[in-house]
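# Coordinates in review
Spelled out from the first residue to the last, the chains are:
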Amino acid sequence: QVDLTFWSTFPNLSVDFNNVFIQDPYEESTKSDTLFASEQVRLKFNPFDIWRENYTVKTIEVSPGTLKLKVNEEGLENYDIIKSQEDTVDQAPVDLNLEIIEFENFRLSYDNRVTDQLYRTHLKDMTLNGALSESVFSTTASTNMNIIEARSGKVTLLKNQPARLSIQVNVNSDSNTVEIPPSTIYISELPFDFNGNVDSVGYDFNIKGKNIAIADA
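Now for a description of the structure that goes with this document.

So, how was this worked out
- Residues numbered from 1 in each chain as written.
- Predicted model: local features only at pLDDT ≥ 70, side-chain atom pairs only at ≥ 80, totals over all residues.
- Heavy atoms only, no water.
- Phe/Tyr/Trp six-rings, centres within 6.5 Å; stacked < 30°, edge-to-face > 60°.
- Buried < 20%, exposed > 50% of the residue type's maximum accessible area, 1.4 Å probe, protein only.
- Helix = DSSP H or I, 4+ residues; strand = E, 2+ residues; numbered from the N terminus.
- Lys NZ or Arg CZ within 6 Å of the ring centre and 35° of its normal.
- Contact = heavy atoms within 4.5 Å.
- Pairing = 2+ DSSP bridges.
- Core = buried A, V, L, I, M, F, W, Y, C linked by side-chain atoms within 4.5 Å.
- Salt bridge = Lys/Arg side-chain N within 4 Å of Asp/Glu carboxyl O.

A complete count under the given rule lists four aromatic pairs for this structure. Between phenylalanine 103 and phenylalanine 106 the ring centres are 4.8 Å apart and the planes differ by 50°, which places this aromatic pair in the tilted class. Each member of the pair, phenylalanine 103 as well as phenylalanine 106, is classed as buried. Ring geometry for phenylalanine 194 and phenylalanine 205: centres 5.9 Å apart, planes at 10°, overall stacked. In this pair, phenylalanine 194 is assigned in strand β11 (residues 190-198) and phenylalanine 205 in strand β12 (residues 203-209), connecting sequence segments eleven residues apart. The buried category is assigned to phenylalanine 194, whose relative accessible area is 15%. Through a chain of ring-to-ring contacts, the aromatic side chains of Phe36, Phe103 and Phe106 assemble into a single cluster. Sitting above the plane of the tyrosine 186 ring, arginine 164 keeps its charged end 4.2 Å from the centroid.

Moving on: the side chain of arginine 42. Position of arginine 42 relative to the elements: it lies in strand β3 (residues 34-45). Beyond its immediate chain neighbours, meaning those up to four positions away, arginine 42 contacts Thr5, Ser8, Thr9, Ser14, Val15, Asp16, Thr59, Ile60 and Glu61.

The next thing to look at is the pairing of strand β9 (residues 155-172). Bridging between strand β8 (residues 136-152) and β9 involves 16 bridges; their strand directions are antiparallel. Bridged to serine 142 within β9 is serine 166. Once β8 ends, the chain turns through two residues before running back antiparallel as β9, passing glycine 153 with a positive phi of about 65°. What sits between β9 and strand β10 (residues 177-187) in their antiparallel hairpin is a turn of four residues, with asparagine 176 showing a positive phi close to 55°.

Formed by 33 residues in total, the largest nonpolar core has its most connected members in Ile60, Val62, Phe103, Leu128, Ile167 and Ile185. Those elements that place two or more of their residues in this core are β3, β4 (56-62), β6 (95-112), β7 (117-130), β8, β9, β10 and β11. Aside from chain neighbours lying at most four places away, what touches leucine 128 is Glu99, Ile100, Ile101, Phe103, Thr139, Thr140 and Ala141.

Next up on the list: the pattern of salt bridges. Overall, the coordinates contain ten salt bridges when judged by the stated rule. In this structure, aspartate 24 engages lysine 70 in a salt bridge whose closest nitrogen and oxygen atoms are separated by 3.3 Å. Of the two residues, aspartate 24 sits in the loop between β2 (13-23) and β3 while lysine 70 sits in strand β5 (residues 65-71), which places them 46 residues apart along the sequence. Taking relative accessible area as the criterion, aspartate 24 reaches 3% and is therefore assigned buried. The partner of arginine 151 in a salt bridge is glutamate 149, with the nearest N and O atoms 4.0 Å apart. Accessibility assignment for this pair places arginine 151 and glutamate 149 in one class, buried. One continuous salt-bridge network, built from bridges that share partners, spans Asp116, Arg120, Glu149 and Arg151.

Here we take up unusual backbone geometry. In the Ramachandran plot, asparagine 19 falls in the positive-phi region, its phi being about 55° despite a non-glycine side chain. Along the chain, the position of asparagine 19 falls in strand β2. Although it is not a glycine, asparagine 105 sits at a positive phi angle of roughly 55°. Position of asparagine 105 relative to the elements: it lies in strand β6. The partly exposed category is assigned to asparagine 105, whose relative accessible area is 37%.

And the structure:
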């Protein structure tokens, strides 16, 4: 269901997609297997741009929702679902000039059967700021969340712990790399140094406690 909203998002105009559901694309999946679901996905536009037939999305809000990212035993990703540009025909192009993406009450999980790793979180709120539509950009990610489970192999690293962070993320879609420069994150209000890199080969994250007493840990 799609609604057009103005007064509640003034001075912006918004298009609300309600009860959005994307089924897990694996062949054996059923309608109960979810890739993405949300009660509402809101796209915000400048009304003057709409008047000029310039359909440019600057803000996306998702609340509440679920995203389940998976890699199966054969290494097949369930989130590689976007059609290439040549496969689509646009009657009235909608451009993305994203500056803000906001999530509220959002559940995110990543299950990699190849590396036997599972991460499940509940994002109470999360905001991404930056030129998010560029091929190379930096964004600030701020969130308050609960780490439901973080497991590597048979080792449970974290379970049911609150966390908060405000980090910079450098994205280069041309080279398929993501860099997280050194920053501080808080898990159960304990500070940790954190940095990481992601590329087409894999990922490497480093976390180190900052003068944490053994009793606190």
